[in-house]
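# A structural walkthrough
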Amino acid sequence: MTHIIAMVNLKGGVGKTALSVNFADYCARNGLKTLLVDLDPQTNATFSAMGVEEWDTHKDKNGTVADLLGARDHKSADGQRKILSDVVVKDLLGGFDLIPSHLDLFTVDLDLAGKPNREGRLKKALKEYLENYDIVVCDCPPNLTIPTQNAIAASTHYVVPVSPDFLSAIGIALLKTRVADFCDDLDHEIELGGIVLSRVGRPARKRAETIASIRGSFGTEVLDQQLTERVRVAEAAEEAKSVHDMGDSSAREEFDGVSAELLARFGIQV
Ligand SMILES: Nc1ncnc2c1ncn2[C@@H]1O[C@H](COP(=O)(O)OP(=O)(O)OP(=O)(O)O)[C@@H](O)[C@H]1O
Ligand SMILES: [Mg+2]
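To keep things clear, this report deals only with the structure shown in the data block. (Residues numbered from 1 in each chain as written. Chains lettered and ligands numbered in written order. Predicted model: local features only at pLDDT ≥ 70, side-chain atom pairs only at ≥ 80, totals over all residues.)

## A word on the overall build of the protein chain
Keep this limit in mind: The secondary structure listing takes helices from DSSP runs of H or I that are at least 4 residues long and strands from runs of E that are at least 2 residues long, numbered from the N terminus. C-alpha atoms define the radius of gyration in this analysis, and the globule rule sets the expected value at 2.2 Å times the number of residues to the power 0.38. Residue burial is a threshold on neighbouring C-beta atoms within 10 Å of the residue's own C-beta, all placed from the backbone, with 20 or more meaning buried, 12 or fewer meaning exposed, and counts in between meaning partly exposed. Contacts here follow a simple rule: the backbone-placed C-beta atoms of the two residues must lie within 7 Å.
The helix and strand tally for the protein chain stands at 13 helices and seven strands. Against the 2.2 N^0.38 benchmark of 18 Å for 270 residues, the protein chain shows a C-alpha radius of gyration of 18 Å, consistent with a compact globule. In terms of overall dimensions, the protein chain has C-alpha extents of about 60 × 40 × 35 Å along its principal axes. Burial analysis of the protein chain (270 residues in total) assigns 44% to the buried set. Pairs at least 24 residues apart make up 79% of the contacts formed inside the protein chain by residues separated by at least 6 positions.

Written out as structure tokens, the structure reads:
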């Protein structure tokens, strides 16, 4: 069975993309056939893994996730919808494949208004290709619009990175309820893979109390390991490198530790 993981939080800037890219990188380096899907119109995961010029050529020739979801004007000259094997970029960073994103995803909710199966399009696009992958990681935008809905509807698990400041912490319970209600409506089963404390050390009032409160409220749902705010992590994204290749052993050990703990929770051995 292919494990499909949605990285979600309604809050922005909590480290969803950093974890998506570096978790995918960890999986690939440890021999898992890994696909990263960038579902965020901000295209941050895409540009954390490949160069802008390379993306520019690829999006015109091969298409992006916007084609898979059926965003407006995303069709080839003969009017055919692109399929996953067209849009995938092979063997990035530690060896994962990527479905890159596109800015046009910003309006996909409007483009698909009134269209059938709006939240089931990624699942449908992935269907025939899942046998090629052990794990699929979906990086989501900070909201619950159509791209995130597609990720959740396709996924077996979701993971919630949380930055331990007051405003980030108050949304976790709401998010869990929203995901549960959405999946109930779709009759789709999904498991919470874990809550990951991320960007720990960013200036925040009462940080220690917030961490204690999150661990107290969500218990074993919170991973033991956590990710500290470290400058090399942000630089890795800017340089389209993985944290593994940035020469900061503490950052690498943390991302490796969180990734290993997630895989153990999914029951995947590497
Ligand atoms: N552990 C970390 N240490 C330092 N910087 C980090 C860390 N994790 C993420 N960042 C940086 O913080 C910023 C936000 O992180 P990231 O893009 O991963 O968050 P996000 O939740 O995906 O945001 P969005 O909701 O906008 O998609 C980025 O510049 C990223 O490089
Ligand atoms: Mg992001």
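## Looking at the sheet that holds strand S6 (residues 157-162)
To be explicit about the condition: Pairs of strands are assigned from DSSP output, requiring at least two bridges between the strands. Under this scheme, a helix contributes an axis fitted over its contacting stretch, all axes are lines through C-alpha atoms, and angles between N-to-C directions fall in the 0 to 180 degree range.
Ordered by their spatial adjacency, seven strands build an open sheet running S3-S4-S2-S5-S1-S6-S7, and the pairing between neighbours is mixed. Each edge of the open sheet is held by one strand with a lone partner, namely strand S3 (89-92) and strand S7 (191-197). Each neighbouring strand pair of the sheet contributes to a mean axis angle of 25°, computed without reference to strand direction. Relative to strand S4 (residues 96-99), strand S2 (residues 34-38) runs parallel, the two sharing three bridges. Along S4, the bridge assignment pairs Val37 with Ile99. On top of the sheet, helix H10 (residues 172-186) reaches S6 and S7; it is set at about 165° to S6, its chief contact.

## Concerning the packing of helix H1 (residues 16-29) against helix H13 (residues 249-266)
Axis angle and axis distance: for two packed helices, these are the angle between their axes and the distance between the axes, and together they describe the pair. Here is the rule we go by: Comment on the angle field: the value is read as roughly parallel under 35 degrees, roughly antiparallel over 145, roughly perpendicular from 65 to 115, and oblique elsewhere.
For the pair H1 and H13, the least separation of the axes is 9 Å and the interaxial angle reads 75°. Taken together, the axes of H1 and H13 lie roughly perpendicular to each other. Taking contact as the criterion, the partners of Asn22, Phe23 and Tyr26 in H1 are, on H13, Phe255, Asp256, Ser259 and Leu262.

## Some details on the site of ligand 1
Operational definition: For each residue, a C-beta position is placed from the backbone atoms; the residue is near a molecule or strand when that point lies within 6 Å of it. Residues are sorted three ways: Asp, Glu, Lys and Arg are charged, Ala, Val, Leu, Ile, Met, Phe, Trp, Tyr, Cys and Pro are nonpolar, and all the rest, Gly among them, are polar.
Taken together, 19 residues sit near ligand 1, with Gly12, Lys16, Thr17, Ala18 and Pro142 positioned nearest. Elements supplying a minimum of two residues to the shell around ligand 1: H1 and helix H12 (231-238). When its residues are assigned to classes, the shell around ligand 1 shows eight nonpolar, six polar and five charged.

## Observations regarding the pairing of S4
Because side chains alternate across S4, one face comprises the buried residues Phe96 and Leu98, and the other comprises Asp97 and Ile99, equally buried. Sheet analysis places S3 next to S4, joined by two bridges and oriented antiparallel. When the sheet's bridge partners are listed, Leu92 is paired in S4 with Phe96. Between S3 and S4, which pair antiparallel and follow one another directly, the connecting turn spans three residues, one of which, Leu93, has a positive phi of 40°.

## Some details on the environment of Ser101
With respect to the helices and strands, Ser101 occurs in the loop between S4 and helix H6 (108-111). Residue classification places Ser101 among the buried positions, given that 26 C-beta atoms sit within 10 Å. Through-space distance from the C-alpha of Ser101 to that of Thr46 is 6.4 Å; in sequence the pair is 55 residues apart. Among all residues touching Ser101, those that are not within four sequence positions of it are Asp38, Leu39, Asp40, Pro41, Thr43, Thr46, Thr64 and Val65.

## A few points about the nonpolar core
As a reminder, the rule being used: The nonpolar core criterion groups buried Ala, Val, Leu, Ile, Met, Phe, Trp, Tyr and Cys residues into a set whenever they are joined through C-beta atoms within 7 Å.
With 68 residues, the main nonpolar core has Leu36 and Cys138 as its most contacted residues. Cys138 has contacts with Ile4, Ile5, Ala6, Met7, Val37, Leu39, Ala151 and Ser155, leaving out every residue within four places of it along the chain.

## Here we look at the environment of Val196
You can see Val196 is positioned in strand S7. Sequence separation of Val196 and Thr64 is 132 residues, and the distance between their C-alpha atoms is 28 Å. Contacts of Val196, omitting those with residues within four sequence positions, involve Leu19, Val159, Pro161, Val162, Leu223, Gln226, Leu227 and Val258.

## Section: the environment of Gly247
Relative to the helices and strands, Gly247 resides in the loop between H12 and H13. Sequence spacing of Gly247 and Pro41 is 206 residues, and the spatial spacing of their C-alpha atoms is 30 Å.

## Digging into the packing of helix H8 (residues 146-154) against H10
Counted only if it meets this: Crossing handedness: left-handed means the near helix sits turned counterclockwise from the far one by under a right angle, and right-handed means the same turn made clockwise.
For the pair H8 and H10, interaxial distance at closest approach is 11 Å and the crossing angle is 65°. Overall, the two elements H8 and H10 adopt an arrangement that is roughly perpendicular. By crossing handedness, the relation of H8 to H10 is classed as right-handed. Judged by residue contacts, Gln149, Ile152 and Ala153 of H8 engage Val179, Phe182, Cys183 and Leu186 from H10. Here the contact of H8 with H10 is built from residues that sort into six nonpolar, one polar and no charged.

Geometric descriptors of this kind do not, in isolation, establish any biological role.
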